[in-house]
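One-letter residues, chain by chain:
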Amino acid sequence: MQGRSRETPVTFSREEAEEVRRVAATRDEPLVCPRCGADLVLGEAQGGDTMHPVWEIRCPPCLRSAYVTELAKERRPKPADS
């Protein structure tokens, strides 16, 4: 049986993912992992469309991840300069 590599992401529990989504949709609380307390990392938009992107939020230390569709404007990455 092969073990999981340290690169294989794992989803948060349903309750943890709900907490990540709730906090991501606001700007008032820091975006931290509900499991280990580390800062969460916002990935580039995955899928969706320009009006409704889907964002991956990942915890580097515990490799948990969640996908969100509602992200506070202040949390969104700034567009790259052309």
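Look up: the structure comes first, before these words.
Quick notes on the rules
- Residues numbered from 1 in each chain as written.
- Predicted model: local features only at pLDDT ≥ 70, side-chain atom pairs only at ≥ 80, totals over all residues.
- Heavy atoms only, no water.
- Buried < 20%, exposed > 50% of the residue type's maximum accessible area, 1.4 Å probe, protein only.
- Helix = DSSP H or I, 4+ residues; strand = E, 2+ residues; numbered from the N terminus.
- Pairing = 2+ DSSP bridges.
- Core = buried A, V, L, I, M, F, W, Y, C linked by side-chain atoms within 4.5 Å.
- Contact = heavy atoms within 4.5 Å.
- Salt bridge = Lys/Arg side-chain N within 4 Å of Asp/Glu carboxyl O.

(A) Quick look at the pairing of strand 4 (residues 64–68). Among the five residues of strand 4, four are classified as buried, and the element is accordingly described as predominantly covered. Of the pairings in the sheet, the one linking strand 1 (residues 10–11) to strand 4 comprises two bridges and is parallel in character. Directly across from Thr-11, in strand 4, lies its bridge partner Ser-65. Pairing geometry for strand 3 (residues 53–58) and strand 4, over four bridges, is antiparallel.

(B) Here's a closer look at unusual backbone geometry. Even without being a glycine, Leu-63 presents a positive backbone phi close to 60 degrees. Position of Leu-63 among the secondary structure elements: in the loop between strand 3 and strand 4. Owing to a relative accessible area of 10%, Leu-63 belongs among the buried residues under this scheme.

(C) Layout of the nonpolar core. With 15 residues, the main nonpolar core has Phe-12, Leu-40 and Ile-57 as its most contacted residues. Of all the secondary structure elements, the ones that give two or more residues to this core are helix 1 (14–24), strand 3 and strand 4. It is helix 1 that provides the largest number of residues to this core, a total of four residues. In contact with Leu-40, other than residues within four places in its own chain, are Phe-12, Val-20, Leu-31, Val-32, Cys-33, Ile-57, Arg-58 and Cys-59.

(D) The environment of Leu-42, seen in detail. Tracing the sequence through the fold places Leu-42 in strand 2 (residues 41–48). Given the relative accessible area of 25%, Leu-42 is considered partly exposed. When sequence neighbours within four positions are dropped, the list of residues in contact with Leu-42 reads Trp-55, Glu-56, Ile-57, Leu-71, Arg-75 and Pro-77.

(E) Quick peek at the pattern of salt bridges. Counted according to the given criterion, the structure contains six salt bridges. We note a salt bridge from Glu-15 to Arg-14, for which the minimum N-O separation is 3.6 Å. Its salt-bridge partner being Glu-74, residue Arg-27 comes within 3.6 Å of it at the nearest N-O pair. Taken together, the positions of Arg-27 in the loop between helix 1 and strand 2 and Glu-74 in the segment after strand 4 put the pair 47 residues apart, joining distant regions of the chain. Several salt bridges converge on common partners, so that one network encompasses Glu-19, Arg-22 and Glu-29.

Spatial relationships are all this shows, so hold off on functional conclusions.
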